[in-house]
Amino acid sequence: MGESRNAYSVLVGRPEGKRSFERLRRTWEDNIKMDLREMGYDCIDWINLAQDRDRWQGYVGVSMNLGMPFKWKLTENPKKKVDPEVMKAAVKRRYVTKVKEGNETAFKADHNSSQIFSPEEENDLEKYLLTAARLNYGLTPKELRRFAYEYAIARGKPISDNWKKNNQASYDWERGFMHRHPRLSLRNPQGKSLGRGTAFNPTSIGEFFQNLRSAYHTNKFGPESIYNLDETGVTNVQKPGKGTLVTLCSAVNATGNAVPPFFVYPRQRLNDKMIDGAPVGSCAGVSPSGWMTGETFVHYWEHYQTHKVL
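Cut-offs applied
- Residues numbered from 1 in each chain as written.
- Predicted model: local features only at pLDDT ≥ 70, side-chain atom pairs only at ≥ 80, totals over all residues.
- Heavy atoms only, no water.
- Helix = DSSP H or I, 4+ residues; strand = E, 2+ residues; numbered from the N terminus.
- Buried < 20%, exposed > 50% of the residue type's maximum accessible area, 1.4 Å probe, protein only.
- Contact = heavy atoms within 4.5 Å.
- Areas by Shrake-Rupley, 256 points an atom, 1.4 Å probe, with all protein chains shown as cover.
- Core = buried A, V, L, I, M, F, W, Y, C linked by side-chain atoms within 4.5 Å.
- pLDDT = per-residue confidence, 0-100.
- Phe/Tyr/Trp six-rings, centres within 6.5 Å; stacked < 30°, edge-to-face > 60°.
- Pairing = 2+ DSSP bridges.
- Axes fitted to C-alpha atoms, helices over the stretch in contact; angles between N-to-C directions.
- Salt bridge = Lys/Arg side-chain N within 4 Å of Asp/Glu carboxyl O.
- Parallel < 35°, antiparallel > 145°, perpendicular 65-115°, else oblique.
- Nonpolar A, V, L, I, M, F, W, Y, C, P; charged D, E, K, R; others polar.

**Regarding the overall build of the chain**
Of regular secondary structure, the chain possesses 12 helices and four strands. For the chain, the residues scored as buried account for 22% of the 310 residues in total. Sequence-distant contacts in the chain: of pairs separated by 6 or more residues, those separated by 24 or more amount to 44%. Taken as a whole, the chain presents about 24400 Å² of accessible surface, with 52% of it coming from carbon and sulfur.

In structure tokens form, the structure reads like this:
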């Protein structure tokens, strides 16, 4: 290998001079100070300025504009060349002066993202979704996008090719629509048994109140003796099929007085500390599954007889 070849110099050659062991003289803080000095602020406390996000974005925008190269294309009607120094002065007048005077310098969009419908049409769409939810026919996100596509077609709105290809609105439109209408939110559907849904009908309700009327005329009791008792399952983890189940049973009469709650824990033995911090007069029972059983209901009935209002 000849000594004149570059590979030989790299392998056996020695670099000339010495390299300093100190760190670089210019740091990122120095770059910030240099940019601020170009804008006429050489003694500003930039650390505190960076805490104000809007003002800091204004300074960053000015700094980027000051260093932006200006290129012009030669056409049949060439534009007049603008001196970069003149442009820098214009930027200073527009933004730096606003900052000095304490005016708003944040860069904000003057349009809504992916908005296809007018505000009035979006309000009508919001009312439809809320009404459908109240009628137990809430729309899923995918159904919402399909409905928005059909709504846009019916209204004759200009839509993108992506909408036409998928026969539904885009995800960006859905996200923007939900952001513009904070009253809307996504909810997980709650399970409901078929028996409960079919039992709630005019015939069953009419029969219940007929029995109540008959019992009232026979015994002549007041509203303080009319109780509504119900139980519900509560888990310590809010996900279906996970967590520990605890049954809560309570009764309230027609005047608003309530019997202290009764808890059913999934245990074999009851510990009195398990009702520490519960409402005054609360009681607890146990069952292997945590559900109300015949034995625990007898325990609750004794609890009810103790606290009921006559």
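Next comes the rest of the write-up.
**Side note on the nonpolar core**
Counting 14 residues, the largest nonpolar core has Phe117, Trp163, Trp173 and Phe177 as its most contacted members. Considering every element that reaches this core, the biggest residue donor is helix 7 (residues 141–155), with five residues. When neighbours within four sequence positions are excluded, Phe117 is seen to be in contact with Glu122, Ala148, Tyr151, Ala152, Lys157 and Trp173. Membership of the second largest hydrophobic core comes to 10 residues, among which are Tyr227, Cys249, Met292 and Tyr304.

**Here's the deal with the confidence of the model for the chain**
Taken as a whole, the chain shows an average pLDDT of 77; of its residues, 65% reach a score of 70 or greater. Confidence over residues 66–74 falls short of pLDDT 50; this stretch has nine contacts with residues more than four positions distant or in other chains.

**Re the environment of Leu248**
Summarising the element assignment, Leu248 is placed in strand 2 (residues 245–253). Between the C-alpha atoms of Leu248 and Asp230, which are 18 residues apart in sequence, the distance is 8.5 Å.

**Thoughts on the packing of aromatic side chains**
Following the criterion strictly, the structure yields 13 aromatic pairs and no others. Between the aromatic rings of Phe147 and Tyr151, the centroid separation amounts to 6.4 Å while the plane-to-plane angle is 10 degrees, which identifies the pairing as stacked. Of this pair, Phe147 and Tyr151 both sit in helix 7, four residues apart, which is roughly one turn of the helix. These aromatic residues form a ring-pair network of at least three members: Phe117, Tyr128, Phe147, Tyr151, Trp163, Trp173 and Phe177.

**A few points about the sheet that holds strand 2**
Spatially, 1-2-3-4 is the arrangement adopted by the four strands of the open sheet, whose pairing is mixed. Only two strands of the sheet have a single partner each, and these edge strands are strand 1 (227–235) and strand 4 (283–287). Strand-to-strand twist across the sheet, computed as the mean angle between neighbouring axes with direction ignored, equals 20 degrees. Of the strand pairs in this sheet, strand 3 (residues 258–266) and strand 4 are connected by five bridges, and their pairing is parallel.

**Quick notes on the pairing of strand 3**
With seven of nine residues buried, strand 3 is to be regarded as a mostly interior element. Of the strand pairs in this sheet, strand 2 and strand 3 are connected by five bridges, and their pairing is antiparallel. Note that in strand 3 the partner of Ala251 across the bridge is Val259. Hairpin connection from strand 2 to strand 3: four residues lie between these consecutive antiparallel strands, with Gly256 at a positive phi of about 100 degrees.

**Description of the pattern of salt bridges**
Following the criterion strictly, the structure yields five salt bridges and no others. For Glu121, the salt bridge identified is with Arg155, shortest N-O distance 3.8 Å. With a gap of 34 residues between them, Glu121 in helix 6 (residues 119–134) and Arg155 in helix 7 connect regions that are remote in the sequence. Overall, Arg155 belongs to the partly exposed group, its relative accessible area being 46%.

**Observations concerning the pairing of strand 2**
Across nine bridges, the pairing between strand 1 and strand 2 is antiparallel. In the sheet register, Thr232 faces strand 2, and the bridge partner there is Leu248.

**Details of the packing of helix 7 against helix 9 (residues 171–180)**
With their axes 10 Å apart at the nearest point, helix 7 and helix 9 run at an angle of 100 degrees to one another. As summarised for this structure, helix 7 and helix 9 are arranged roughly perpendicular, according to the angle between their axes. Residues Pro141, Leu144, Arg145 and Ala148 of helix 7 touch helix 9, and the partners they reach there are Tyr171, Trp173, Glu174 and Phe177. Partitioned by chemical class, the residues of the contact of helix 7 with helix 9 number six nonpolar, no polar and two charged.

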